[in-house]
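# Fold and geometry: a report
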Amino acid sequence: MSGPSIYEPKTGFEKWLDTRLPIIRFGADLMDFPTPKNLNYWWTFGGILAVCLVVQIVTGIVLAMHYVATTQGAFASVERIMRDVDFGWLIRNIHANGASMFFLAVYIHMFRGLYYGSYKAPREVIWILGVVIYLLMMATAFMGYVLPWGQMSFHGSAVITNLIGAIPLVGDTVKTYLMGGPAIGDPTLNRFFSLHYLLPFVIAGIVVLHIWALHVPGNNNPTGVSVKDVKKDTLPFHPYYTVKDGFAILLFLLVFAYFVFFAPNALGHADNSIEANPLVTPAHIVPEWYLLPFYAILRAITFDVGPIEAKLLGVFAMFGSILILFVVPWLDTSKVRSMRYRPMAQQFFVLFVLAAVGLGFCGANDPDKLVFKWSDGLIVNYVDTNGAAKVSPKYAEYADATAFQASLPASAGASIAIQEDGFKWLWLSQILGAYYFLYFIVILPVLGIVEKPKVRPPSIADSVRGKKHGGSPASASPVGGAAPVAAE
Amino acid sequence: MRFAKLALAGLSATALAAFGISALAQQPTAPAAAEQPASPADAQPAPTDTPSTAIPAPAAEVAPAQPTVAPPAADASGGHGGEAAAGGEAHSAGGHELLEPAGGWPHDGYFGTFDQNQLQRGFKVYSESCSVCHGMKLLSFRNLGEQGGPFYDPRYPNPNDNPVVKQIAATFTNQIPTIDPDSGDMVMMPAKTSDRILGPFANDIAARAGNGGALPPDLSVITKARHGGAAYVYSLLNGYVTPPEGLTVAPGQHYNAYFPGDTSASWAGDPRHKPPGGFLAMAWPLEFAEVTFDDGTASTQEQMAHDVAVFLAWAGDPKAVARKQMGAAVIPYLLILALLVFLSYKRLWRNVEH
C-alpha cells in the first residue's frame, strides 16, 4: 500500500548519505506511511505495546546490574534493589507491573485483531509474527517471575518444568536442559536469568518483522474495507497518528502509574514475598494473572482419552490453546474482515471474550472448590467389616451423623466430614475451555459459510462521509443498499 | 507548526505544574526529630532508656487472659467464603475479616504516612519482644535512621552518623557473629549500624531446635508475605483467644483465631461450625511483654500489637511514603499532559472526516 517515497534530500550531506545508506529516507517513509483515516482507539495498542517493550528492556537492564542470580542471593538482592538502590523501588515496581501492563495491552491488541479480522489475507504473516511475539512474551514473563526466587517463583517453575517433562519423547531431555540438572536450583536460575535477558531482544527483532509485514499491505481498519484511494482514504502516519497514539499512550501510562505508585503489589501474590523453600509447598500454586486462562485449561482436563493420560492431554490442550492461534487465518472462512458487518460472529465473539476472562477466574480458583453451592451436609467415612472404605448417606443434622457414627464399631474408624454440593470451578473451566476451542475449530469455519453479512461501505472515505470526529456511528451503508463490495 | 508550538507550550506548563505539585507533596518534617539528642554524649536513645531507677512495672499488671479486642465468633458462616476474585485476594485470613484498630491504618490510602512516634514504639516492641525469636535480616540498623524511618533525624543525612541508631545497634540483644582478628575464632560482637538485624539463632536448625520444631519466620517482609499485611499482624497478635469448648489444643500449640490453618481435626462437633483460625507454636508474645513506651503511651497489648504492626508495615516497604508522594506528582502530570495532547489531537484532526 505504501506509495512511492516522497522524501527529497535537501542538504548536501543528506544527498550524499541517501545514495549510500538511505536511512533518513527510511525514517521519513515510515512517518509518511499512509494510514486509514478511520482507525479507532483499539488501534492505538500497537504503539502502547512498543512503549511497553522499551520500558521493560530499559528497566530490566538496570535491574540486571543489581540482581544476583543465585538461589542464596536472589531473594535478598531483589529486596536490596527495593531498599538500598537509588530509585530501585521505582525501577523494580515499573518492571514487575510493566509485565502485567504489557499483557493487558497485548490481550486488547489480540482481541482487536480477532474482532476486526486483521489476521485475514493479506495480513496472515503479521498475525503469525504476532503470535510468535506473544509466545516469547509468555516464556519471558514466566522466567522473569522465577527470578525473585519467592515461593510462587520456585513452585511455579516446578509446575511448568514438569509440564514440559510430560511431553512424549523429547520432554525429559528438554526438561533436563532447561533445569540444568535433576532438580531446580542454581543452574536453573542462571539459565532462566540468561534467557530472560536474551528473549526481549528476540522479541524486539520479531517486532521489527511484525512492523515490516504491516507496512506491506498497510493497516486494516474498523470497516475491514481495503484502501481504494490513498488520497481519500488515508492520512500520513505523522502527525495524525503520532498525536492520537500519543494521547492513548498517556492514558495507558496513567493506569500504569496508578499500579506502580499506589498498588504495586496488587497484581502479585503474597507468597512470593516468602523466600523459596523447596520443602514447603504453597497451599495454592497459581501463575501470574495473565497466564491463568491457560492454567485453567491445563487443569480442566481430568479425564483420559484413549491411551492418552489426563495430565498429558492437559498439556496438549494448554499448548494447543495457544498454537491454534497460528491457524486462525485459515480457520475463519468468512470473506468479510470486520465483525462490524457480521451480526452472528459479533455475538460469538462477545461470548469468546467472556469465556477467556472466565477461564482466568477459573485458573485463580481451586478446581475442586465451588463457584456456588446448593447444599452442604455431613457424611461419615468408615471402613466396613470387610475392610472396604464406605461412605454413609448424607445427613443434614450433626446429631444424625453422630448417631450413625456411634452405631458403628470402634474398628470402623468412622470420621465425620463435610460434603458440599454445588457447581465446581472445574466444571466451569471445562465448559469455558470447550467453548474456547469450539470458537476456533467449529464456529469460525461454519459462520463464514452460513452467516449473511451486512452491507459494507464501498470505501473508507464513504464510511466516514458526513461524520466529524467522535460523532456517533452514522449509517455507513451506501444509499440503496448496494451489493457487498467484492474485493476488500 | 502551530501544533508543535502548542505541544511545546504544554510540555513547559506541565513541567511547571509537576514541579509545584512535587513541592507540595514534600514529606513533612519528622515530628520527633526536634526531640532527638544533639550529640552522642547526651544521647538517651528512645528504645534503650528504660528508667533503671524506677521500679519495673509488675508483670501481673499486663496479664489479662483476653485481648481487649473482640475476637471473631467461632462460626463457620465466614469459614467457607471462597475467594472469588481472580488474582486479587480478599482482605481475610482463615476466611473471616481481619481486625482493624480504631481509626484504621494511617499508612494506607493515597496520602498515608507513618507516625514516627508510633514507628519508634513499634520498634521498641520488636526489639524487646519479637527479637527474642525473630530476626529482620533484610534490614540493617542504618535503615532505622533513613528518611521516613523510626529514628530519622534531619541533622544526620547519613544514618550511620545518627547517635540513636549507633546506640541501638551497639546495644541490640542479638549480636553479630564475627571472626576475631586476633585468634581467628568465631566470636559474637555488638552490631554496627551497617550490620543486619539478626535473630538470636545461628541458623534455621538451631531456631527449630529452640522452638519445638517450629521456625520463627524472618519479619523483614512479613507484611508483604501475608494476606492483609499489617492487619494480619495486628489480628494475629490480638487473636490468642481462649479456645472454644470442644477444641483440643495439642501441647506446645496455641490456638489463634486469625492464624491461617485448619481446626477441623481437633474439633469435636459439627465440622461445619469449626472455629476459625488455626494452631501455631508461638505463644501469645505480648501476654507478659513489659514494654515501657518512652512517649508515655500506655502499653496495652492492643497498643503494642498496633504499634508493632505499623512498624513491620514500614519495615516491609520503607519506600511506601516516598512512592506515594512521587505518584501524587506523576499522576497529575500525566493528566495535564494527556489533556494537552488530546487538545492537539482534536485541533489537528478538526478538518478530517474520520
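Conventions we followed
Residues numbered from 1 in each chain as written. Chains lettered and ligands numbered in written order. Predicted model: local features only at pLDDT ≥ 70, side-chain atom pairs only at ≥ 80, totals over all residues. Helix = DSSP H or I, 4+ residues; strand = E, 2+ residues; numbered from the N terminus. Buried ≥ 20, exposed ≤ 12 C-beta atoms within 10 Å, placed from the backbone. Contact = placed C-beta atoms within 7 Å. Core = buried A, V, L, I, M, F, W, Y, C linked by C-beta atoms within 7 Å. Pairing = 2+ DSSP bridges. Axes fitted to C-alpha atoms, helices over the stretch in contact; angles between N-to-C directions. pLDDT = per-residue confidence, 0-100. Expected span 1.5 Å × (residues − 1). Nonpolar A, V, L, I, M, F, W, Y, C, P; charged D, E, K, R; others polar. Parallel < 35°, antiparallel > 145°, perpendicular 65-115°, else oblique. Left-handed = near helix turned anticlockwise from the far one by under 90°.

With that settled, the discussion passes to the overall build of chain A. Within chain A one finds 18 helices and five strands. Projected onto the principal axes, the alpha-carbon positions of chain A cover approximately 100 × 60 × 45 Å. Expressed as a percentage of its 488 residues, the buried residues of chain A come to 39%. Of the contacts formed within chain A by residues at least 6 apart in sequence, a portion of 78% connects residues at least 24 apart.

With that settled, the discussion passes to the nonpolar core. Core analysis: the biggest nonpolar cluster contains 84 residues, and Ile48, Phe102 and Ala105 of chain A have the highest contact counts within it. No other element matches the 12 residues that helix H5 (residues 88-115) of chain A contributes to this core. In terms of nonpolar packing, the next biggest core, distinct from the first, is built from 54 residues, Leu99, Phe151, Tyr232 and Tyr240 of chain B among them.

Turning our attention to the pairing of strand S3 (residues 370-383) of chain A. All names here are of chain A. The pairing of S3 with strand S5 (residues 415-424) spans 10 bridges and is classified as antiparallel. Looking at S5, one finds that Asn381 is bridged to Ser415. Looking at chain direction, S3 and strand S4 (residues 389-391) are connected through three bridges and run antiparallel. For Val383, the partnering residue across the bridge sits in S4 and is Ala389. The antiparallel hairpin formed by S3 and S4 contains five residues in its connecting segment, where Gly387 sits at a positive phi of about 85 degrees.

Here we take up the environment of Arg456 of chain A. Looking at the secondary structure, you find Arg456 of chain A in the loop between helix H17 (425-450) and helix H18 (460-463). For the pair formed by Arg456 of chain A and Val336 of chain A, sequence separation is 120 residues and the distance between their alpha carbons is 8.9 Å.

All names here are of chain A. Strands sit in the order S4-S3-S5 across an open sheet of three strands; the sheet is antiparallel. Edge strands, defined here as strands with exactly one partner in the open sheet, are S4 and S5. Neighbour-to-neighbour, the strand axes of the sheet open up by a mean angle of 40 degrees, direction not taken into account. Packed on one face of the sheet, helix H16 (residues 398-407) meets S3 and S5 and runs near 25 degrees to S3. Taken strand by strand, H17 contacts S3 and S5, and its axis lies near 25 degrees from that of S5.

Close inspection of predicted coordinates is inappropriate in any region flagged by low pLDDT. Of the residues in chain A, 95% reach a pLDDT of 70 or more, and the chain-wide mean stands at 92. Low pLDDT (under 50) marks residues 470-488 of chain A, which in the prediction has 22 contacts with non-local residues, meaning those over four places away or in another chain.

All names here are of chain A. Its 23 residues place the ends of helix H6 (residues 124-146) 34 Å apart at the C-alpha level, agreeing with the 33 Å of an ideal helix rising 1.5 Å per residue. Three or more residues of H6 are buried, namely Ile126, Trp127, Gly130, Ile133, Met137, Thr140, Ala141, Met143, Gly144, Tyr145 and Val146. Of the surrounding elements, those touching the buried residues of H6 are H5, helix H7 (151-165), helix H9 (186-214) and helix H14 (328-331).

Attention now goes to the interface of chain B and chain A. With 39 residues of chain B in contact, the opposing surface of chain A contributes 45 residues. Contributions of two or more residues to the side of chain B that touches chain A are made by helix H5 (222-225) and helix H8 (320-348) of chain B. With 16 residues, the top contributor of residues to the side of chain B that touches chain A is H8 of chain B. Here the side of chain B that touches chain A is composed, by residue class, of 21 nonpolar, eight polar and 10 charged.

A word on helix H12 (residues 292-300) of chain A. All names here are of chain A. The buried fraction of H12 is high, at nine of nine residues. Leu292, Pro293, Phe294, Tyr295, Ala296, Ile297, Leu298, Arg299 and Ala300 are the residues of H12 that are buried. Tucked inside the fold, the buried residues of H12 contact helix H13 (310-323), helix H15 (343-364) and H17.

All names here are of chain A. As for its position among the elements, Arg340 is in the loop between H14 and H15. The buried category is assigned to Arg340, around which 21 C-beta atoms lie within 10 Å. Sequence separation between Arg340 and Gly181 is 159 residues, and the spatial gap between their C-alpha atoms is 53 Å. Setting aside residues up to four positions removed in sequence, Arg340 forms contacts with Pro222 and Thr223.

Residue and element names in this part refer to chain B. Residue position: Trp314 is located in helix H7 (residues 301-316). Classification of Trp314 by C-beta neighbours within 10 Å gives buried; the count is 25. C-alpha separation for the pair Trp314 and Gly261, spaced 53 residues apart in sequence, amounts to 26 Å. Excluding residues that lie within four positions of it along the chain, Trp314 makes contacts with Phe114 and Leu119.

Okay, the packing of H5 of chain A against helix H11 (residues 237-262) of chain A next. Residue and element names in this part refer to chain A. Following both chains from N to C, one finds H5 and H11 inclined at 140 degrees, their axes separated by 9 Å at the closest point. With respect to each other, H5 and H11 are oriented oblique. Viewed along their axes, H5 and H11 form a crossing whose handedness is right-handed. Together, Asn93, Ile94, Asn97, Met101 and Ala105 of H5 and Phe252, Phe256, Phe259 and Val260 of H11 make up the contact between the two elements. Class assignment for the residues of the contact of H5 with H11 results in seven nonpolar, two polar and no charged.

Our focus in this paragraph is the packing of H12 of chain A against H17 of chain A. All names here are of chain A. Where H12 meets H17, the axes come as close as 9 Å, and the angle between the chain directions of the two elements is 105 degrees. Classified by the angle their axes make, H12 and H17 are roughly perpendicular. Of the residues in H17, those touching H12 at Ala296, Ile297, Arg299 and Ala300 are Leu426, Ser429, Gln430 and Gly433. Taken together, the residues of the contact of H12 with H17 sort by class into four nonpolar, three polar and one charged.

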